[in-house]
Amino acid sequence: MSGAAREEQADAENVRAMLADSGYSEKAIRYFLHKPYMGSLPDADQVSAMTGSCGDTMSICLKLEDGVIQDVRYEVLGCPGAIASAMAVVDLIKGKRIPDARSLNDGDVFRALESIPAQKHHCIQLAVKTLQKALDEYTQPVSP
Ligand code: FES
């Protein structure tokens, strides 16, 4: 392993330890460190964004076919809780029909993350509200 790679691994271990100490589960930490669905979709059918009361911002890209969510990406300018929540939302809604995705709530995401600090629960709300805004805008497009 090169010196730079070793340093990177040590950094990730430090971040992991800090997040675990503040109440993040191993699963939530993995979502935050690996960011499996971070980015955008060039052929998205819907792109929507939302800013939370904390000032953090998320945007979501949805790819749909026949009312089924095929692919999802989030871009997150925010805290580890926001990133972990957004990534968990994607795993919960991929392959689901629009009404099922719309009924996703904060509790579902909280259970999927297993544990995040209590003061980070609004980060889950931001991820869910961003999804709901995108589904609303997709199903009721604003006329020009
Ligand atoms: Fe703003 Fe987490 S602190 S979304």
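This section reports on the structure supplied with the text. Bear in mind that the values here come from a model prediction, so they are computed numbers and not experimental data.

Within a sheet, adjacent strands bond to each other through the backbone by hydrogen bonds, running parallel or antiparallel. If you walk across this open sheet you meet the three strands as β1-β2-β3, and the pairing is antiparallel. In this open sheet, the two edge strands, each paired with only one partner strand, are β1 (46–51) and β3 (68–77). Between one strand and the next, the sheet's axes are offset by a mean angle of 20 degrees, whatever the strand orientation. As paired strands, strand β2 (residues 57–65) and β3 are joined by nine bridges and run antiparallel to one another.

For helix α2 (residues 26–34), every residue scored as buried is listed here: Ala28, Ile29, Tyr31 and Phe32. All buried residues of α2 fall inside an arc of 160 degrees around its axis, so they share one side. Where α2 is buried, its residues touch α1 (3–22), α3 (80–93) and α5 (106–113). One or two positions beyond α2, positive phi appears at Lys35, with a value near 45 degrees.

Okay, the packing of α3 against helix α6 (residues 121–139) next. For the pair α3 and α6, the least separation of the axes is 8 Å and the interaxial angle reads 45 degrees. The angle between the axes of α3 and α6 places the two elements in the oblique class. Classified by chirality, the crossing of α6 by α3 is right-handed. Residue-level contacts link Gly81, Ala82, Ser85, Ala86, Val89 and Ile93 of α3 to Cys123, Ile124, Ala127, Val128 and Leu131 of α6. Along the lines of polarity and charge, the residues of the contact of α3 with α6 split into nine nonpolar, two polar and no charged.

Attention now moves to the nonpolar core. Tyr74, Val89, Leu113 and Leu131 are the most contacted members of the largest nonpolar core, which has 40 residues in total. Listing elements by their share of this core, those giving two or more residues are α2, β2, β3, α3, α4 (98–102), α5 and α6. Tallying contributions element by element places α3 first for this core, with nine residues.

What follows is about the pairing of β2. Looking along a regular strand, one sees the side chains alternate between the two faces of the sheet. By the bridge criterion, six bridges tie β1 to β2 in an arrangement that is antiparallel. When the bridges of β2 are listed, Thr51 appears paired with Thr57. From the end of β1 to the start of β2, which pair antiparallel, there are five residues, and Gly55 there has a positive phi angle of about 95 degrees. Between the end of β2 and the start of β3, which pair antiparallel, lie two residues, with Asp66 showing a positive phi angle near 50 degrees.

All told, the structure shown has eight salt bridges when counted by the stated rule. As a salt-bridge pair, Arg102 and Asp136 come within 2.4 Å of each other at their nearest N and O atoms. Residue Arg102 is located in helix α4, and its partner Asp136 is located in helix α6; the two are separated by 34 residues in the primary sequence. On the basis of relative accessibility, which here comes to 31%, the residue Asp136 falls in the partly exposed class. A salt bridge links Asp108 to Arg111; its shortest N-O distance comes to 3.0 Å. Separated by three residues within a single helix, Asp108 and Arg111 lie in helix α5, roughly one turn from each other. Asp108 gets classed as partly exposed once you look at its relative accessible area, which sits at 24%. Taking relative accessible area as the criterion, Arg111 reaches 57% and is therefore assigned exposed.

Each value, and the rule that gives it
- Residues numbered from 1 in each chain as written.
- Predicted model: local features only at pLDDT ≥ 70, side-chain atom pairs only at ≥ 80, totals over all residues.
- Heavy atoms only, no water.
- Pairing = 2+ DSSP bridges.
- Helix = DSSP H or I, 4+ residues; strand = E, 2+ residues; numbered from the N terminus.
- Axes fitted to C-alpha atoms, helices over the stretch in contact; angles between N-to-C directions.
- Buried < 20%, exposed > 50% of the residue type's maximum accessible area, 1.4 Å probe, protein only.
- Arc of directions from axis to C-beta.
- Contact = heavy atoms within 4.5 Å.
- Parallel < 35°, antiparallel > 145°, perpendicular 65-115°, else oblique.
- Left-handed = near helix turned anticlockwise from the far one by under 90°.
- Nonpolar A, V, L, I, M, F, W, Y, C, P; charged D, E, K, R; others polar.
- Core = buried A, V, L, I, M, F, W, Y, C linked by side-chain atoms within 4.5 Å.
- Salt bridge = Lys/Arg side-chain N within 4 Å of Asp/Glu carboxyl O.

Structural measurements only, silent on function.
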